[in-house]
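Secondary and tertiary structure notes
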Amino acid sequence: MIEKNYQPADIESRMAQIWEESGAFRAGRPERKDAPTFTIVIPPPNVTGSLHMGHALNNTLQDILCRFERMRGKDVLWQPGTDHAGIATQMVVERQLMERQEPGRRDMGRAKFLERVWRWKAESGGTIVNQLKRLGASCDWSRERFTMDEGLSKAVIKVFVELHRQGLIYKDKRLVNWDPKLLTAISDLEVQQVEVKGSLWYLRYPIEGRQFDPADPKTFVVVATTRPETMLGDTGVAVHPEDERYTDLVGMHVILPLVGRRIPIVADEYSDPDKGSGAVKITPAHDFNDFDVGNRHSLPRINVFDKEGRVSLIENEDYLRGLPEGALMLAEELHNVDRYAARKKIVARLEDFGFVEKVEPNTHMVPHGDRSNVVIEPYLTDQWYVDAKTLAQPAIAAVRSGATTFVPKNWEKTYFDWMENIQPWCISRQLWWGHQIPAWYGPDGKVFVAETEEEAVGNALGYYVEQEVITPEQGEEMARDPAKREGFIVRDEDVLDTWFSSGLWPFSTLGWPDETPELQRYYPTSTLVTGFDIIFFWVARMMMLGIHFMDEVPFSTVYIHALVRDEKGAKMSKSKGNVIDPLHLVDEYGADALRFTLAAMAAQGRDIKLSTQRVEGYRNFATKLWNACRFAEMNGCSLPGDFDPTQAKQTLNRWIAHEASRTTREVSEAIEAYRFNDAAGAIYRFVWNVYCDWYLELAKPVLLGEDGPAKAETRAMIAWARDEILKLLHPFMPFITEELWAVTAKRDTLLVLTPWPRKAGSLSSEELAQVVTTNPSDALIPTVILELDAGEFSDPEAEAEIGWVVDLVTAIRSVRAEMNIPPATLTPLVLAAASAETKARAQRWNDVVKRLSRLSDISFADSAPEGAVQVLVRGEVAALPLKGVIDLAAERARLEKEIGKADGDIKRVDAKLANEKFVANAPEEIVEEEKEKREAALARKTKLQEALERLKKAS
């Protein structure tokens, strides 16, 4: 029996336990061993993480696909797991040590610190997994993986070694994003651009051979910089090759102020003649663009900072080479000075000597570490790199050929733009938590890359014996006795970028490098659902590594979803205080309401503007479904085992079968096309409008009438349609539908494993192909094709009749609302020049139409009477005589006044949007809000004008 009130919390915990105990989400079910597969790998959330709204959207959409395909009979594997999250996890544990006043990481030592991280992971690492379960994620939790577990670590080491052997991993000195607080390189994704109010310094660089005079522009070149402290590392000045102001200077040199270094003036298109003076200082060791310019012109790279962002010039051979004695004094003065304190000293010194032409306020974007919150330093250092350009070529070709497609399609351009301009991928991190790089260094710095230390030792001993650094006898002795070779080779302390291990996720989670049955069955995967912000960091790398090691793309479809913003369209951030916690919404409204909200708003290519009112609205939708099922139960509606909805005799019942069949097709097609909002909209309309508002309402007279075939059929059809609703709605709202499925009848299976509605539909072409492939018998094929040809159940006559009733009542209600007719006032209805068919329908449904439309009478006439408001219902005129019912003149004046108000609202918004200053300076979400106000006012005006036009015709 269904409880009186819908309580999501009670249902959700109970259903989650039932699903887990029954193994409902497990892949490889015996009865599906020959079924087609559907595989999704979860974007592994950080093990340190908690569920945020992006997770909620991403996993809701994945779960809809998995539940849908599972109900369609496929062997579904939704592979779960978490990412070890190198920096984030190390920071969490280090902070914990500090808070407990325990020894720090370096005092503790690497081995003991890693033990502590593993202990933390065991105690606290499962938080986000439990939160995903609360959301209803139907992953095969028995297969949960972790990027640092033994199997995945084996895959990571194997890939590194193989790529190194192939020359695709190498060590190089290049610029990286360096975090001077965490003392590690970080990825672009871990860098946040922060708007900072700073200054732009215009500096005079004296031209070699000309006596410097601050008053004579011919004796110097002006360069502009926001970072004067980096000038110590300048090795060139660039001007545009077509900038006539500097044509004669190209090839000459300037003397670097304060330092005395002679640096060339080079012609390079990087310099923009329209910006500043058109000349730019080039610091290859401290700016990514300058690094490229430096490479093009073979400029030296001089690193003037240490790893902590302090000036480091003493014993810096690159800096001191060929400099006058004064430069050494400056090096001593600035040694170990923080970069920002050094800036002040350098600027003061430049001003003293007349090298500063002017200083302007300058607001610009400055890169900060997303965890350390300090300014990131482009830093020249030795790191390990992947030759991404070589690996990218097959990955580009795979998308061009259609082996992998992006949805929406426009994201393919983003993918191509990045892949075709891809840079070497820095994969080393100066951390302890992560996959330690499998590289060992010999006494002379020679690198030995191997899968195990034993293999590296063997390779090193063989090499040094061959080079006669050690004797064969020494080599044999060291091979036998580990104590003898202690410290002979030393392992690289760095670990791999987290994205390196997650790039292997689609095949490492299935057991690679071992040839496991799971790898054979579930790779390549079917669909990847992810956000646009990690197309480069994760999607592209899975494509590159999957194709390289598996010779197949890792997934056939990449669905890119948008951002979840606040209700005004602003990006959620803690600093704005507009972050919406999905778990709070789950607590207040239930997981089903949140899931349905996200799905209903997930239009392709459009960000979601989330408000709690929307979530509350879909909680009301769940309550409506609950009450409808209670209504069915209280009226004895149950489904006989042999019931066939297509054989129903009553027009009303054939109509609901027709509508259910159409909705099944709409929902199925929309999910298949990743139009989640259309799928949610179709089932919402069917449940709320068709089933609850119309079908149950129209069925009430039958249910209240005498027992007989019509009543029995209607009861059965109400139950059948209810069950179809539960099936169609299950991927979106799994908890409430599973509960109602259990309590409305005795069932043999859980809803999650119940077949998707088929009676009212047909096999898809994909399913047909599978049946034909697995059952090549000629005798079977005609049966399948017959089912396909039969198509969805359709009864145009039933739809025409009941649809007429629905449209007529809806039109009358709309007019009554527009004209402010009080509910207690009954009005007559005249059907003008009605066809015989319409007259018959009006007579059959006379009482129902009068009751639902608040009518006093329904009559027929050759034409609409004077003073009547006319509406067109399915091509025929229905007239409401309102003379004497309302004051037509007063109503006309009211409508004209409301139209004037709407016009005023439109003009106000237009004035704002026409103001270029407002559009340029107002936050994006405010501009969008104004546009939405205009659209709403325009829609209101259109509706009012239609009502006014009807009233004019009646006057």
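Residues numbered from 1 in each chain as written. Predicted model: local features only at pLDDT ≥ 70, side-chain atom pairs only at ≥ 80, totals over all residues. Heavy atoms only, no water.

**Some points on the overall build of the protein**
In terms of helices and strands, the protein carries 34 helices and 29 strands. The C-alpha extent of the protein, read off along each of the three principal axes, is 110 × 75 × 60 Å. Within the span of the protein, comprising 955 residues, buried residues form 53% of the whole. Across the protein, contacts joining residues at least 24 apart in sequence account for 77% of those joining residues at least 6 apart. Summing over all exposed atoms, the protein offers an accessible surface of approximately 43300 Å²; the carbon and sulfur share of this is 49%. Taken together, the 118 basic and 146 acidic charged side chains of the protein have centroids lying 5 Å from each other. (Helix = DSSP H or I, 4+ residues; strand = E, 2+ residues; numbered from the N terminus. Buried < 20%, exposed > 50% of the residue type's maximum accessible area, 1.4 Å probe, protein only. Contact = heavy atoms within 4.5 Å. Areas by Shrake-Rupley, 256 points an atom, 1.4 Å probe, with all protein chains shown as cover. Lys, Arg positive; Asp, Glu negative; His and termini not counted. Charge placed at Lys NZ, Arg CZ, Asp CG, Glu CD.)

**Some details on the nonpolar core**
The biggest cluster of nonpolar side chains holds 204 residues, and the ones touching the most others in it are M53, Y415, F500, F596, W655, Y691 and F732. Ranked by size, the runner-up nonpolar core spans 41 residues in total, among them V254, I265, L313 and L323. (Core = buried A, V, L, I, M, F, W, Y, C linked by side-chain atoms within 4.5 Å.)

**Details of the packing of aromatic side chains**
Going through the model one piece at a time under the given rule, you end up with 41 aromatic pairs. Their ring planes at 65 degrees and their centres at 5.8 Å tell us that Y415 and F416 sit as a pair that is edge-to-face. In this structure, Y415 and F416 share a single accessibility class: buried. Consider the rings of F596 and F621, whose centres lie 5.1 Å apart with planes at 40 degrees: the pair is tilted. Remark: F621 occurs in helix 22 (residues 612-634) and F596 occurs in helix 21 (residues 591-600); sequence separation between them is 25 residues. Here F596 matches F621 in class, with each residue buried. Through successive ring pairs, a cluster of aromatic residues spans F596, Y618, F621, Y684, W688 and F732. Sitting above the plane of the F220 ring, R204 keeps its charged end 5.4 Å from the centroid. (Phe/Tyr/Trp six-rings, centres within 6.5 Å; stacked < 30°, edge-to-face > 60°. Lys NZ or Arg CZ within 6 Å of the ring centre and 35° of its normal.)

**As for the packing of helix 13 (residues 411-419) against helix 19 (residues 535-550)**
Two measures define how a pair of helices packs: the angle their axes make with one another and the distance between the axes. Remark: helix 13 packs on helix 19, axes separated minimally by 11 Å, with the N-to-C direction vectors making an angle of 80 degrees. The angle between helix 13 and helix 19 places the two elements in the roughly perpendicular class. On the side of helix 13, the interface is formed by W411, T414, Y415, W418 and M419, while helix 19 contributes I535, F536, A540, R541, M543 and M544. Split by residue class, the contact of helix 13 with helix 19 holds nine nonpolar, one polar and one charged. (Axes fitted to C-alpha atoms, helices over the stretch in contact; angles between N-to-C directions. Parallel < 35°, antiparallel > 145°, perpendicular 65-115°, else oblique. Nonpolar A, V, L, I, M, F, W, Y, C, P; charged D, E, K, R; others polar.)

**Things to note about helix 25 (residues 709-729)**
A rise of 1.5 Å per residue sets the reference length of helix 25, with its 21 residues, at 30 Å; its end C-alpha atoms lie 30 Å apart and thus fit the reference within 8%. Across the 21 residues that make up helix 25, a large majority, 17, are buried. (Expected span 1.5 Å × (residues − 1).)

**Quick notes on the pattern of salt bridges**
Evaluation of the coordinates by the stated rule reveals 66 salt bridges. Two residues, R262 and E208, come together in a salt bridge whose shortest N-O distance is 2.6 Å. Taken as a pair, R262 in strand 11 (residues 262-267) and E208 in the loop between strand 7 (191-206) and strand 8 (220-225) lie far apart in primary sequence, 54 residues in all. A residue is classified by how much of its surface remains accessible, and R262, at 49% relative accessible area, is partly exposed. (Salt bridge = Lys/Arg side-chain N within 4 Å of Asp/Glu carboxyl O.)

**Examining the sheet that holds strand 8**
Read across the open sheet, the three strands follow the order 8-7-13; overall the sheet is antiparallel. If you trace the sheet from one side to the other, it starts and ends with strand 8 and strand 13 (356-369), each paired once. Averaged over all neighbouring strand pairs, the angle between strand axes comes to 20 degrees, with direction disregarded. As paired strands, strand 7 and strand 8 are joined by six bridges and run antiparallel to one another. Counted as the bridge partner of Y202 is A224 from strand 8. (Pairing = 2+ DSSP bridges.)

So, to be careful, I would describe these as geometric facts and stop short of saying anything about function.
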